[in-house]
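# Commentary on secondary and tertiary structure
Letter by letter, the chains look like this.
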Amino acid sequence: MIHSLFVINSSGDVFMEKHWKAVIPRSVCDYFFEAQNKASSMDDVPPVIETPHHYLISIYRCNIFFVAVCKSEVPPLFVIEFLHRVVDTFRDYFNDCSETIIKENYVVVYELLDEMLDNGFPLATESNILKELIKPPNILRTVVNSVTGKSNVSETLPTGQLSNVPWRRSGVKYTNNEAYFDVIEEVDAIIDTSGGMVSAEIHGYIDCVVKLTGMPDLTMSFMNPRMFDDTSFHPCVRFKRWEAEKILSFIPPDGSFRLMSYLIGSQNAVAIPVYARHNLYFSPAGHGKLDLTLGPKQTMGRQLENVKVEIPMPKVVLNCTLTSSQGKYAFDPVSKVLNWDVGKIDPQKLPNIRGTINIQNGATAPESNPTLNVSFTITQMAVSGLKVSRLDLYGEKYKPFKGVKYITKAGRFQIRM
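Summary of the structure given here. Note that the structure is a prediction, hence the values are computed from the model and not measured.

## Things to note about the overall build of the protein chain
The helix and strand tally for the protein chain stands at seven helices and 23 strands. Considering only C-alpha atoms, the protein chain reaches an extent of 75 × 55 × 45 Å along its principal axes. Taking all 417 residues of the protein chain together, the buried fraction comes to 46%. Considering only contacts in the protein chain between residues 6 or more positions apart, those separated by 24 or more positions represent 67%. A total of about 21,300 Å² of accessible surface is found on the protein chain, and carbon and sulfur atoms cover 50% of it. Between the averaged position of the 43 positive side-chain charges in the protein chain and that of its 44 negative side-chain charges there is a distance of 6 Å.

Structural data, given as C-alpha cells:
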C-alpha cells in the first residue's frame, strides 16, 4: 500500500522521511516539486501525481506537505484519509504539528508511524489506543528515558486491541461522567457583485469529548436528519441503524474523537450569515477609491465575531490610505494584500472602511476588481439549522452530564467586487 512517507516544508526541504518496505530515494520528490512550481498556490498542488514507477499522494496541512509514495495503484482517498489521521494524531500528541515540533519529537514521531502503519497498511490509528501503546511525551518522561535508555513504547498490548471494540480500552473509570459534543459548521460560498449566491455549501462535523465509565452505548438523534447530503462516520457508528432510522448508535472511544462529518448544500438552500456593500473603482489618473461596509444576515439574533476581511489587491497598487470605523487595517506592499480585522459586528452600527488607493504612475487601471475573502465565527448557532434532539445512554446505570455546543465558521467565503 504505502511504501514511504516524505515530510516537506514550505521551502521545499525534505526534513523527515519514513520507509516501511524498501527505501525509495528522495529523488522521487522531484516530480512533486515540479508540480508544486506549476501550481499558483500551495493548496493547488495536485493531490495525486503519477510518475513512471510510483504514485505520489499528498496533503498540505500546517504549512507542511505530507507526501506518501505508492508503487502500485491504490484508492487515493484511502491514503489521503490516512495522512490526515497522521496529522491529527501529531496534533493530539504535541498540541501542534509544525516543522519545529516534529523535529523536537523525532523519536515519538517514528514510534507512532511504526504503530500506525504495518508493512504499508494502516493498523492502529485510534488516538486513545495509540496513547496506550506510546505514552505522550512530557518533560519528566523525557528525562527518565534519557537516563534509563527506555522508550515511550508500552510493554503491554492495549486492552482494546484484544476486544471486538478496538477503539475503546476496557476498565475505564471516571468520578464525573461527562459527554460533550461540538457541532461545528464551515460555510463555503461565492457571492457575486450584486449579492446573489453563485454557490454555497456547508461542511460540518461533530467533535466529541466523552469521559464515561465502563462500556456505555449511546444513541444520538437529530430533529432534521434528512438534510444531510453526504456523511462520513467514525468506525464506532453502527451504519445499518443510521441507514434505517437516521439515528447514530455507537460505543464511543474514550476521550476526544470526531463522531461524524457531513455535507449540506447540493439539495438544500444555504443561509448566508454576512453581506457586504462595496464600491471599488480605479481611475486612469493613477488612483482608486474603496468603500466597504459589512453587515449580519440570517444570523437568528446571534452576533458575528472574529470578522476579518482579506483583499488581494492588483499588482499595480502601491499603497492604501483608508479610514475604518471599527477595527484595524494593514496593507502589505510586498504581497499587495489588504487585511481588515473587524472583530464583532454590531447590527446597530455597521463597520465601514473607505479611502483612496494609489497605483503606479503610468500603469493602466486593472481590468477587474479583486475578491473579498471573509472569515467569521458565530457561537451557539448551526447555520444549517441542525439540532441534536436526544442523547440516550444504555448499558450503564449512572446518569452522565451531557452538553451540546454549536459553532458556525467561514470556510472559503468569497465576495466578488
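## Considering a nonpolar patch on the surface
Residues Tyr180, Val209 and Phe401 make up a contiguous nonpolar surface patch of roughly 260 Å² in combined accessible area. Here Val209 shows up in strand β9 (residues 197-211).

## Brief notes about the side chain of Thr293
Topologically, Thr293 is positioned in strand β15 (residues 287-296). Among the polar contacts made by the side chain of Thr293, one reaches the side chain of Asn352 at a distance of 2.7 Å. Leaving out residues up to four positions away in the same chain, Thr293 has contacts with Tyr275, Ala276, Arg277, Leu350, Pro351 and Asn352.

## Regarding the state of the cysteines
According to the stated counting rule, one finds zero disulfides in the structure shown. There is no disulfide at Cys29, and the cysteine sulfur nearest it, in Cys70, is 13 Å away. Residue Cys29 is classed as buried on the basis of its relative accessible area of 1%.

## Remarks on the sheet that holds strand β14 (residues 274-283)
With antiparallel pairing, the four strands of this open sheet are ordered in space as β14-β15-β20-β17. A strand with exactly one partner marks an edge of an open sheet, and here the two such strands are β14 and β17 (317-324). For this sheet the average axis-to-axis angle between neighbouring strands, irrespective of direction, equals 15 degrees. Bridging between β15 and strand β20 (residues 352-359) involves seven bridges; their strand directions are antiparallel. Bridge pairing links Asp291 to Arg354 in β20.

## Quick word on the side chain of Thr89
Summarising the element assignment, Thr89 is placed in helix α2 (residues 76-94). Once residues lying within four places of it in the same chain are set aside, the contact partners of Thr89 are Leu112, Met116, Thr125 and Leu130.

## Let's talk about the pairing of β14
On any regular strand, side chains alternate: one points to one face of the sheet, the next to the other face. By the bridge criterion, 10 bridges tie β14 to β15 in an arrangement that is antiparallel. When the bridges of β15 are listed, Phe282 appears paired with Gly288. Between the antiparallel neighbours β14 and β15 lie three residues, among them Gly286 with a positive phi of about 105 degrees.

## A word on the sheet that holds strand β18 (residues 328-332)
Strand order in the open sheet made by the nine strands is β11-β13-β9-β8-β23-β21-β16-β19-β18, with mixed pairing throughout. Two strands bound the open sheet, and with one partner strand each, they are β11 (230-233) and β18. Taking each pair of neighbouring strands and ignoring which way they run, the sheet shows an average axis angle of 15 degrees. As defined by bridge partners, strand β8 (residues 178-191) adjoins strand β23 (residues 401-416) across 13 bridges and the pair is classed as parallel. Residue pairing across strands places Val187 opposite Ala410, the latter belonging to β23.

## Examining the pattern of salt bridges
Scanning the model with the defined rule gives 13 salt bridges in all. Across the pair Glu34 and Lys38 runs a salt bridge whose closest N-O atoms are separated by 3.9 Å. One end of the pair, Glu34, and the other, Lys38, are both in helix α1 (residues 29-38), four residues apart, so they sit about a helical turn from each other. Given the relative accessible area of 45%, Glu34 is considered partly exposed.

Rules used throughout
Along every chain, residues carry numbers that run from 1 in the direction the sequence is written. The model is predicted, so local features are restricted to residues of pLDDT at least 70 and side-chain atom pairs to those at 80 or more, both for listing and for counting; the totals for chains, interfaces and linings are taken over all residues. Processing note: side-chain calculations cover all non-hydrogen atoms of the structure and skip hydrogens and water entirely. Secondary structure counts use DSSP, requiring at least four H or I residues in a row for a helix and at least two E residues in a row for a strand, with both numbered from the N terminus. Residue exposure (1.4 Å probe, protein chains only): buried if accessible area is under 20% of the type maximum, exposed if over 50%, otherwise partly exposed. Contact definition: two residues touch when any of their heavy atoms are within 4.5 Å. Residue burial considers only the protein chains on display, and all accessible areas are found by Shrake-Rupley using a 1.4 Å probe. In summary, the charge assignment counts Lys and Arg as positive and Asp and Glu as negative, without counting His or the chain termini. Charge coordinates come from a single atom per side chain, which is NZ of Lys, CZ of Arg, CG of Asp or CD of Glu. A patch consists of residues exposed above 30% relative accessible area that lack any salt bridge, with like charges linked at up to 9 Å and nonpolar side chains (Val, Leu, Ile, Met, Phe, Trp, Tyr) linked at up to 5 Å. Salt bridge, as used here: a side-chain nitrogen of Lys or Arg that lies within 4 Å of a carboxyl oxygen of Asp or Glu. Whenever a nitrogen or oxygen atom comes within 3.5 Å of another N or O atom, the pair is scored as a polar contact, on the condition that within protein one atom can donate a hydrogen and the other can accept it, and that pairs from neighbouring residues in sequence are kept only if both atoms are in side chains. Cysteine sulfur atoms are paired as a disulfide whenever they come within 2.5 Å of each other. Pairing between two strands requires that DSSP report at least two bridges joining them. Every angle, taken between N-to-C directions, lies between 0 and 180 degrees, and every axis is a line fitted to C-alpha atoms, over only the stretch in contact when it is a helix.

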